[in-house]
Amino acid sequence: MTKLWTGRTTGRTDPLADDFNSSLYFDKRMYRQDIEGSIAHAAMLMKQKIIPKESGIKIQKELRNILSELDLGELEFDEYCEDIHMFIEQLLTSRIGEEGKMLHTARSRNDQVALDLRMYLKEECDQIISLLKEFIGVLADKSEAHKEIIMPGYTHLQRAQPILFAHHLLAYAQMLLRDVSRLEDSKKRMNVSPIGSCALAGTTYHIDRYFEAALLGFDDISMNSLDGVSDRDFAVEMLSDLSLIMTHLSRFAEEFILWSSWEFQFIEADDQYTTGSSIMPQKKNPDMAELIRGKTGRVYGDLMSLLTVLKGLPLAYNKDMQEDKEPIFDSCDTVKMCLKVFIPMIKTMKVNKKNMHYAAQKGFINATDVADYLTKKGVPFRDAYKISGQLVALCISKDCILEELSLSEYQSYSALIKEDIYEAISLRNCVIKRISEGGTSISSIDTQIQWIRKKL
Ligand code: ARG
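Residues numbered from 1 in each chain as written. Predicted model: local features only at pLDDT ≥ 70, side-chain atom pairs only at ≥ 80, totals over all residues. Heavy atoms only, no water.

Named according to an unreviewed UniProt entry, the protein is Argininosuccinate lyase originating from Eggerthia catenaformis OT 569 = DSM 20559. Under the UniProt heading Catalytic activity (unreviewed entry), the note attached to the protein is "2-(N(omega)-L-arginino)succinate = fumarate + L-arginine". (UniProt positions renumbered as here; feature names shortened; annotations may be inferred.)

Below, the structure written as C-alpha cells:
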C-alpha cells in the first residue's frame with residue numbers, strides 16, 4: 001500500500017522498519033477520539049470556508065459510518081497502516097475519493113495525536129474517578145455496618161492503641177478521596193485543546209481553534225503551538241496520580257493479606273476472591289490482593305518510562321513520543337482492573353469481630369490510658385508514663401493484662417489510682433472517649449461518614 005507521505009522519498013520501507021514504526025496495534029484504541037476529532041475538524045474547515053460545505057458534509061457522514069462499523073466490530077484495522085490517524089484517513093479516502101484528501105488541511109498528526117490522547121485520557125479520568133467514588137461509598141457503608149468493632153491500632157506493626165475497625169477503613173476512604181481530587185485537578189490541565197498547533201508552528205489558514213475546541217468539549221486552547229504538540233505533562237501527571245492510587249491500594253492490599261492470615265484472622269476473604277494450592281489442600285490464598293500489591297510495580301514503572309522518554313527531548317514533536325501511549329494505557333487498564341476487583345473483595349469480606357477484639361485485649365494497648373488517667377489526677381504526663389510502663393512490666397512478669405491487676409497492686413505504684421481505673425482503661429471507653437476531631441470515637445466515625453458521603 002502506498003504511504004500517505006510518499007513524495008520526498010519512494011515510501012518503500014523495509015517491512016521490518018514498518019513493523020517497528022507502527023503504533024496501530026496500540027493506538028487503535030483511540031479510534032473514537034480520532035474520528036470525533038476529525039468530524040469537528042471538518043466542521044471547523046467548513047465554517048471557515050477552507051473546504052467546500054458539500055465536501056465537509058460528505059467527510060463527516062463517512063466518518064460516522066466508519067465509527068459505527070468500528071463500534072460494531074464490522075471493520076478490521078488494516079495492519080499495514082502506520083497509526084490510527086493514517087488508517088482512518090486512508091479508509092475515508094478509499095471510500096469517498098478525492099474529497100477525503102481535504103480533511104487533513106490545517107492539521108498535522110502531531111496536533112492530532114496530542115488531541116486524541118487528551119480526549120482519551122479525559123474519559124479515563126472520569127471512569128477512574130467514578131470507580132474510586134464507588135470504592136469510597138463501599139468503605140463508608142462497611143464502616144457504618146461495623147461501627148462498634150474494636151481492633152488494635154498499630155505503629156511499627158506493634159499493637160499500639162485500640163481503635164475502631166471503621167476508623168481504619170475510613171483512613172483509606174480519605175486517601176482515595178484525595179486521589180479523586182488529584183485526578184480532577186489533573187483533568188483541568190488535560191482539558192486544553194492542542195488542535196490547530198498543526199505540525200509545530202501553527203498555520204496560515206484562518207482556522208477557528210476555539211470553535212473546534214468547544215465542539216470537542218475542551219475548556220480552552222493551548223497558547224503556544226510548539227508546546228501544544230510536544231507537551232505530555234498531562235500524561236505524566238495522570239501517571240503520577242495513578243501511581244499514588246496504586247500506593248494506597250497496595251497498602252490496603254497488604255493489610256488485607258495480613259488480616260486474612262492465620263496469625264491475624266481479622267477478616268476472611270470471600271471464596272470468590274481467593275485461590276487454592278495445587279498441593280496444599282488447606283490453602284486459601286489472597287491472590288487478588290497480592291496481585292494488586294504486585295501490579296503497583298508496573299504502574300510506577302510506567303511513570304518512570306514516560307518521564308524518561310520525555311527527558312532531553314528537543315522541541316517540538318519527536319517520534320520518541322509515540323512511546324507515551326503504552327505506559328499510560330497500561331496504567332489506566334491496571335488501575336481500573338485493580339479497583340474493579342478490590343471493590344467487591346472489600347464488600348464481601350467477612351469481618352471477625354471476636355478475633356479483632358481478642359487481639360485488642362492483648363498487648364497492653366490501654367497503657368496510654370493508664371498514663372492519661374494519672375495525668376488527669378494531677379501527675380505530670382512524663383511521670384505518669386513511667387508508672388504506666390512499670391505496671392506493664394509487672395503484668396508481663398505476672399503474665400496478665402492491665403485489667404487484671406488488683407487495686408492494691410495499682411496503688412503500690414501510685415496512691416492516686418482508685419477503683420475508677422478499671423472503667424478508664426476498659427477498651428470500649430478507650431475508644432469512645434477519643435472524641436477529638438478525627439479521632440477514633442464512634443461520634444467521630446459518624447462525622448467522618450457524613451463528611452465523606454457529602455463528597456461523593
Ligand atoms: N503515531 C504517532 C504518535 O503516536 C503520531 C504522530 C506522528 N507524527 C509524525 N510526524 N510522524 O506519536
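From this point on, the discussion continues.
Chemist: I would appreciate a short explanation of the overall build of the protein in the present structure.
Modeler: Counting secondary structure elements, the protein contains 19 helices and six strands. Taking 2.2 N^0.38 as the reference for a compact globule, 456 residues should give roughly 23 Å; the C-alpha atoms of the protein span a radius of gyration of 31 Å, well beyond that estimate. Seen through its principal axes, the protein has C-alpha atoms that stretch 100 × 55 × 40 Å. Taken across its 456 residues, the protein has 50% of its residues classed as buried. Restricting to contacts in the protein with at least 6 residues of sequence separation, those with at least 24 account for 76%. In the structure as shown, the protein presents an accessible area of about 22,300 Å², 54% of it carried by carbon and sulfur atoms. Separation between the mean location of the 57 positive side-chain charges and that of the 67 negative ones in the protein comes to 4 Å. (Helix = DSSP H or I, 4+ residues; strand = E, 2+ residues; numbered from the N terminus. Rg over C-alpha atoms; globule rule 2.2 N^0.38 Å. Buried < 20%, exposed > 50% of the residue type's maximum accessible area, 1.4 Å probe, protein only. Contact = heavy atoms within 4.5 Å. Areas by Shrake-Rupley, 256 points an atom, 1.4 Å probe, with all protein chains shown as cover. Lys, Arg positive; Asp, Glu negative; His and termini not counted. Charge placed at Lys NZ, Arg CZ, Asp CG, Glu CD.)

Chemist: Looking at this model, I keep getting lost on the nonpolar core. Mind explaining?
Modeler: The nonpolar side chains of a soluble globular protein tend to be buried with one another. Formed by 78 residues in total, the largest nonpolar core has its most connected members in L121, F135, M238 and L249. Beyond its immediate chain neighbours, meaning those up to four positions away, F135 contacts L176, L249, F252, L339, F342, I343 and I346. Grouped together as the second largest cluster of nonpolar side chains are 24 residues, A42, L45, F87 and A106 included. (Core = buried A, V, L, I, M, F, W, Y, C linked by side-chain atoms within 4.5 Å.)

Chemist: Explain the site of the ligand to me, please; I cannot follow it from the model alone.
Modeler: Around the ligand sit S23, D83, H85, R109, N110, V113, Y317, Q322 and K325, and those are all the residues in its vicinity. Contact between the ligand and Q322: a nitrogen atom at 2.7 Å from a side-chain N or O atom of the residue. Burial of the ligand by the protein chains amounts to 86% of its free accessible area of 340 Å². By residue number, the principal contributor to the shell around the ligand is helix 6 (residues 109-145), which donates three residues. (Near = heavy atom within 4 Å. Polar contact = N/O pair within 3.5 Å; in protein donor to acceptor, adjacent residues only side chain to side chain.)

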